[in-house]
Amino acid sequence: MTEGYDATEDRYLRPQRAIKTMLRMARDVLSFRREASIFVISVMVTAVTGVLYPLALGFAINEILRKNTVLLLLYSFSFFMIYLVHFFSSRFMTISSTSVAQGVIKKMRDSSFEKLQKVPLDFYSKVRTGYLISRISNDSESISDFLTYQLPQVISGVITIAISAGIMFYLDLRLAAFSLAVLPVLGLFTFSLQGRVRKNYLRTRRTIAAITGNLAETIAAIRTVKAFNAENEAARRFHFLNMDNFRANLTASRLSSSYSSVIRVIEALGIILVIYEGSISLISGEITLGILVTFVTYIQQFFNPVVQLSQLYNTYQNSLVGASRIYAIIDSNPENDTGRENIEHFTHSISAKNLHVSYDGSVALQDVTVEVRKGERIAVVGRTGAGKTTLTNVILKFKTPDYGEIRVDLKELRDLDTKKYRGIIAPVLQEPFLFNGTIFENIKYANEGITIEEVERIVVQYGMGYIFSSLPNGLYSQVGEMGRNMSEGQRQAVSILRAFVRNPEIIIMDEATAQIDPQSEREIMNAMKMYSENRTLILISHRFSLITLADRVIVLDKGKVVQEGTLEELSKQPGVFSELYRRSIKQQRN
């Protein structure tokens, strides 16, 4: 049975339990000690002042009935001062909560992005990019809203309820018991809906992630969409995902609305009980009018936080789901890098023995034994799917073999420090990725310290000036998003120059000239021929013109090494290579 994407995502990004997520988020909040301290103090002051002024109001009413103007003025002034302190503490609470919330979100996003740089490449073949973007952007915004606006109300509400309950019991034990009689009903109702609320908000987060993923994919492939007149199909897919998100949010909203409505009914029931019992106590002379007014005000103040908490419960569940999804990224398994051995230079060889590599049970390489000596230029050829790119992925430590060994300078590859090892290698891929910016900015990505003059000298030295001659601003020309302002040859030239400025000892070219014009290919071939002198070059190509650079050719077929030798030797032998060679010559003639 085929695994659904949600199950695949949960396997690679394991969701956390709610209580664990809540405690972890609390630790993140408390890590900002100064801001969190100001926040806690201001919340407590806001809550305390909020429950004191009804008491001052009740005392003032009693003094009115007694016609005591001195105490009336005193209680009135107290009421004003309490309100003033309440105003300023509320302002400090808002400022500090915003500071804490943005700090927590920044920390989460930084940690998520750092972890995404460290996960293995297999991770990206399973988890969709748009879904990751949604977790870091959309889910973090739900947390930001909760921490900035809802959390202060939650904490303040809990403190208000505790103090209000204490004062109510102090004023009248029997009346307080009547007012709190509805709380078990409220708690039972909230607990019964907890699972449904969380499940609904998890669905809304997943549906918005699907929309983000579809947008990212469609915009990136807009040329293909237009070329195949697939605009209507793209719109249909987006409409389907958007409708799914609409239904998920509508379901969550209906549940939230029903929840709030029931809570209001419970609140009304509590107030009716208090007014009825309080009126009887007032008529019998057990309490004064001021105490009754104070008590009724406290009941309203008591239930307002309860109602707010019930309404915020949905927001809390939404943010809890969002936090869990972000923590899942932070906790994802990094690249399995146990290597600690240093490697400053490539001095001997890369040798592989009995390599076996598979992807989800499908064999890519089986019993492959090859050796690449220092200073050698090796070409790896074969039909599509023969395992050529898999071999380079193993050499780059992008893919771990199922079994077999691979050694660099007689040391096990897995024992080498990955950063140090990759520092002596530069890959040039078939589809080079260019970042939005200038050509120079993309080239110096591999060497931040290089100057524009040094790059221009390398361009001239290796005869690649022709490729950029049509650009009005030279190396300062904008490449556009993903290099869309440039030709295939220009994009590949930037990728090769990016490798050159790194000054690597090993260069791996994976179908680097497969999609460029013959003139650009000649320029790149000449550049590679000059640059690879005294360096180790591993070429993967279908273009036999590029294979002429190689000292030795390794032929792969169905994941196995089937031939090995020089270009001249293999072209005369029957087998896979001669078949591919004849086909290439025929295509060039046609």
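A quick note: this is a predicted structure, and the numbers were derived from the prediction, not measured.

(A) Just the overall build of the protein chain, in detail. Along its length, the protein chain carries 21 helices and 10 strands. In the protein chain, the share of contacts with a sequence separation of at least 24, taken over all contacts with a separation of at least 6, comes to 79%. Total accessible area on the protein chain stands at roughly 30400 Å², and carbon and sulfur atoms take up 58% of it.

(B) Representation of the nonpolar core within the structure. Formed by 48 residues in total, the largest nonpolar core has its most connected members in I439, M464, F468, F500 and M528. Those residues in contact with F468 that sit more than four places away from it in its chain are I439, V459, M486, Q490, A493, V494 and L497. In terms of nonpolar packing, the next biggest core, distinct from the first, is built from 30 residues, V380, I395, L396 and V408 among them.

(C) Structural detail: helix α17 (residues 488-500). Compared with an ideal rise of 1.5 Å per residue, which puts 13 residues at 18 Å, α17 spans 18 Å between its outermost C-alpha atoms and is within 8% of the ideal. Within α17, 12 of the 13 residues are buried, leaving the element largely enclosed by the surrounding structure. Within α17, the full set of buried residues consists of G489, Q490, R491, Q492, A493, V494, S495, I496, L497, R498, A499 and F500. Those residues of α17 hidden inside the fold are in contact with β6 (425-428), α14 (439-443), α15 (452-461), α16 (465-468), β7 (506-510) and α18 (518-531).

(D) Main features of the environment of A268. Relative to the helices and strands, A268 is located in helix α10 (residues 231-283). Along the sequence, A268 and Q300 sit 32 residues apart, while their C-alpha atoms lie 9.7 Å from each other.

(E) The arrangement of the pattern of salt bridges in detail. On inspection of all chains with the given rule, the structure shows 17 salt bridges. Here E233 ties to R236 by a salt bridge, and the two come within 2.7 Å at their closest N and O atoms. Taken together, the residues E233 and R236, both in helix α10 and 3 residues apart, mark about one turn of the helix. A relative accessible area of 33% means that E233 is categorised as partly exposed. For R236, a relative accessible area of 47% translates into the label partly exposed. Each of the salt bridges in this network shares a partner with another, and the network as a whole consists of E371, R373, E376, R552 and E564.

(F) Focus on unusual backbone geometry. Phi at D409 is positive, roughly 55°, even though this residue is not glycine. Note that D409 resides in the loop between β4 (403-408) and β5 (411-412). According to the relative accessible area criterion, D409 is buried, its value standing at 13%. Non-glycine residue L410 carries a positive phi angle of around 70°.

(G) Quick peek at the pairing of β7. When you tally the buried positions in β7, you get 5 out of 5 residues, the bulk of the element. A two-sided burial pattern is seen for β7, the buried positions comprising I506, I508 and D510 on one face and I507 and M509 on the other. Sheet topology places β6 next to β7; 4 bridges connect them, and they run parallel. In the strand pairing of β7, P427 is matched with I508. Here 5 bridges tie β7 to strand β8 (residues 536-540), and the two strands are oriented parallel to one another. When the sheet's bridge partners are listed, I508 is paired in β8 with I538.

(H) Seen up close, the sheet that holds strand β9 (residues 552-557). One open sheet holds the 6 strands; their spatial order is β6-β7-β8-β3-β9-β10, and the pairing between them is mixed. The open sheet has two free edges, formed respectively by β6 and β10 (560-565), since each of these has just one partner strand. Between one strand axis and the next, the sheet turns by 15° as a mean value, whatever way the strands run.

(I) A look at the packing of helix α3 (residues 33-66) against helix α4 (residues 69-116). One way to put it is that α3 packs onto α4 with a least axis distance of 7 Å and a crossing angle of 160°. Between α3 and α4, the interaxial angle falls into the category roughly antiparallel. Taken as a pair, α3 and α4 cross one another with a handedness that is left-handed. Here the residues of the contact of α3 with α4 sort into 21 nonpolar, 10 polar and 2 charged.

(J) Seen up close, the pairing of strand β3 (residues 377-382). Taken across its 6 residues, β3 has 6 buried, putting it largely inside the fold. Burial along β3 is two-sided: the residues R377, A379 and V381 and I378, V380 and G382 are all buried. As defined by bridge partners, β3 adjoins β8 across 4 bridges and the pair is classed as parallel. Pairing of A379 across the sheet is with L539, part of β8.

(K) Region of interest: a nonpolar patch on the surface. On the surface, I38, F77, F80, M81, L84, F87, F88 and F92 cluster together into a nonpolar patch covering about 780 Å² of accessible area. Sorting elements by how many residues they give to the nonpolar patch places α4 first, with 7 residues. Among the structural elements, L84 can be located in helix α4.

(L) Representation of the sheet that holds β4 in the model. Overall, antiparallel pairing links the 4 strands, which are arranged β2-β1-β4-β5 in an open sheet. The sheet is open, and its two borders are formed by β2 (362-373) and β5, each paired with just one other strand. Bridging between strand β1 (residues 349-359) and β4 involves 5 bridges; their strand directions are antiparallel. Paired with S351 across the strands is R407, a residue of β4. Against the sheet, helix α12 (residues 388-395) engages β1, β2 and β4, with an angle of about 120° to β1.

(M) Seen up close, the environment of V562. Position of V562 relative to the elements: it lies in strand β10. Sequence separation between V562 and V368 is 194 residues, and the spatial gap between their C-alpha atoms is 9.6 Å. Leave out the neighbours within four places in its chain, and V562 touches V555, L556, D557 and V576.

(N) Highlighting the side chain of S97. Its location among the elements puts S97 in helix α4. A relative accessible area of 2% places S97 in the buried class. Reaching out from S97, the side chain makes a polar contact with the backbone oxygen of T148 at a distance of 3.1 Å. Setting aside chain neighbours within four positions, we find S97 in contact with F39, L147, T148 and P152.

The rules we used
Residues numbered from 1 in each chain as written. Predicted model: local features only at pLDDT ≥ 70, side-chain atom pairs only at ≥ 80, totals over all residues. Heavy atoms only, no water. Helix = DSSP H or I, 4+ residues; strand = E, 2+ residues; numbered from the N terminus. Contact = heavy atoms within 4.5 Å. Areas by Shrake-Rupley, 256 points an atom, 1.4 Å probe, with all protein chains shown as cover. Core = buried A, V, L, I, M, F, W, Y, C linked by side-chain atoms within 4.5 Å. Buried < 20%, exposed > 50% of the residue type's maximum accessible area, 1.4 Å probe, protein only. Expected span 1.5 Å × (residues − 1). Salt bridge = Lys/Arg side-chain N within 4 Å of Asp/Glu carboxyl O. Pairing = 2+ DSSP bridges. Axes fitted to C-alpha atoms, helices over the stretch in contact; angles between N-to-C directions. Parallel < 35°, antiparallel > 145°, perpendicular 65-115°, else oblique. Left-handed = near helix turned anticlockwise from the far one by under 90°. Nonpolar A, V, L, I, M, F, W, Y, C, P; charged D, E, K, R; others polar. Patch = residues over 30% accessible without salt bridge, like charges linked within 9 Å, V, L, I, M, F, W, Y side chains within 5 Å. Polar contact = N/O pair within 3.5 Å; in protein donor to acceptor, adjacent residues only side chain to side chain.

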